[in-house]
Amino acid sequence: MCYYINEALDDHFPEGCGVRLIAEPGCYVACSAYTLCTKVIGKKLSTDMDLDDGEIYKQQCFYYLNDGAYGSFGYGFEKYGYRIRPLLSKSQQTSRPILRSKLWGATCCSSDYIVEDCLLPEMEVGSTSSSTTWVPTPDL
């Protein structure tokens, strides 16, 4: 594999072109080569009330996954540009409310969060997901 990578680099970035390539071999070769599937093992919906009129003004959903910062999402995983997208059909995506969400790993550690704040259609416990893409998949 390295032969072909080096050949392409020589073609596209010849010596003297002003580009210096530095890469950690493991992530450089394999980071975007997979999709990680995880499962929603817990869910908590947090709502804040406006004390004056009792109306809900802020809602956030916490999803707990069976993998986290101490597993596949560790060691600066967010630096590599993974995407979050639900594995839902179009009709499921449009029929579910979009919630501010936070994704947590399976431990009870406050450092085991995967994504601090994102928008996702509401998911259910038992849903699956994938990542370089974190994709919560639902009750299919």
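Basis of the calculations
Residues numbered from 1 in each chain as written. Predicted model: local features only at pLDDT ≥ 70, side-chain atom pairs only at ≥ 80, totals over all residues. Heavy atoms only, no water. Core = buried A, V, L, I, M, F, W, Y, C linked by side-chain atoms within 4.5 Å. Buried < 20%, exposed > 50% of the residue type's maximum accessible area, 1.4 Å probe, protein only. Helix = DSSP H or I, 4+ residues; strand = E, 2+ residues; numbered from the N terminus. Contact = heavy atoms within 4.5 Å. Salt bridge = Lys/Arg side-chain N within 4 Å of Asp/Glu carboxyl O. Pairing = 2+ DSSP bridges. Phe/Tyr/Trp six-rings, centres within 6.5 Å; stacked < 30°, edge-to-face > 60°. Patch = residues over 30% accessible without salt bridge, like charges linked within 9 Å, V, L, I, M, F, W, Y side chains within 5 Å. Areas by Shrake-Rupley, 256 points an atom, 1.4 Å probe, with all protein chains shown as cover. Lys, Arg positive; Asp, Glu negative; His and termini not counted. Charge placed at Lys NZ, Arg CZ, Asp CG, Glu CD. pLDDT = per-residue confidence, 0-100.

S.K.: I'm lost on the nonpolar core in this one. Help?
M.R.: Here is a general trend for soluble globular proteins: nonpolar side chains tend to be buried in one another's company. Among the nonpolar cores identified, the biggest contains 14 residues, and Y63, L103, I114, V115 and L120 are the most heavily contacted of them. At four residues, the largest contribution of residues to this core is made by strand β5 (residues 113-121).

S.K.: Any chance you could explain the side chain of Q60 here in plain terms?
M.R.: For Q60, the position within the fold is in strand β2 (residues 56-65). Judged by its relative accessible area of 13%, Q60 is buried. Setting aside residues up to four positions removed in sequence, Q60 forms contacts with K44, L45, S46, R100, S101, K102, E116 and D117.

S.K.: Any chance you could explain the pattern of salt bridges here in plain terms?
M.R.: Where charged atoms from two side chains of opposite charge approach closely, those side chains can pair. Applying the stated criterion across every chain yields a total of four salt bridges. Among the ionic pairs, R100 bridges to D117, the shortest N-O distance being 3.4 Å. Within this pair, whereas R100 is found in strand β4 (residues 98-104), its partner D117 is found in strand β5, the two being separated by 17 residues in sequence. Residue class for R100 comes out partly exposed when judged on its relative accessible area of 29%. Taking relative accessible area as the criterion, D117 reaches 46% and is therefore assigned partly exposed. If you follow the salt bridges from partner to partner, you end up with K43, E122 and E124 in one network.

S.K.: Would you mind showing me how to read the pairing of β4 here?
M.R.: Here is the key point about a regular strand: its side chains alternate between the two faces of the sheet. For β4, the buried fraction is high: five of the seven residues fall into the buried class. In the sheet, β4 pairs with β5 via six bridges, with the strands oriented antiparallel. The residue of β5 that forms the bridge with I98 is P121.

S.K.: Just to check I follow, could you spell out the packing of aromatic side chains for this structure?
M.R.: In this description, an aromatic ring pair is defined by two values, namely the gap between the centres and the angle between the planes. According to the stated counting rule, one finds three aromatic pairs in the structure shown. Arranged with centres 5.1 Å apart and planes meeting at 85°, the rings of Y3 and Y4 form a pair that is edge-to-face. Each member of the pair, Y3 together with Y4, is exposed. Seen in terms of ring centroids, W104 and Y113 are 6.3 Å apart; in terms of plane orientation they differ by 75°. Their pairing is edge-to-face. Taking the relative accessible area as the measure of exposure, Y113 reaches 36% and is therefore partly exposed.

S.K.: Looking at this structure, how should I read a negative patch on the surface?
M.R.: A contiguous patch of negative charge on the surface is contributed by E7, D10, D11 and E15. Structurally, D11 can be placed in helix α1 (residues 2-12). On the accessibility criterion, D11 (60% relative accessible area) is exposed.

S.K.: For this particular structure, what's the right way to read the confidence of the model for the chain?
M.R.: A low pLDDT means the predicted coordinates there should not be read in detail. Averaged over the chain, the pLDDT score is 77; the fraction of residues at 70 or greater is 71%. Mean pLDDT across the elements of the chain ranges from a minimum in strand β7 (residues 133-134), with 44, to a maximum in β4, with 90. Long-range and interchain partners of residues 131-140, a stretch whose pLDDT sits below 50, account for 64 contacts in this model, where long-range means more than four residues apart.

S.K.: Got a minute to help me understand the side chain of R96 in this structure?
M.R.: With respect to the element layout, R96 can be found in the loop between α3 (90-95) and β4. What makes R96 buried here is its relative accessible area of 15%.

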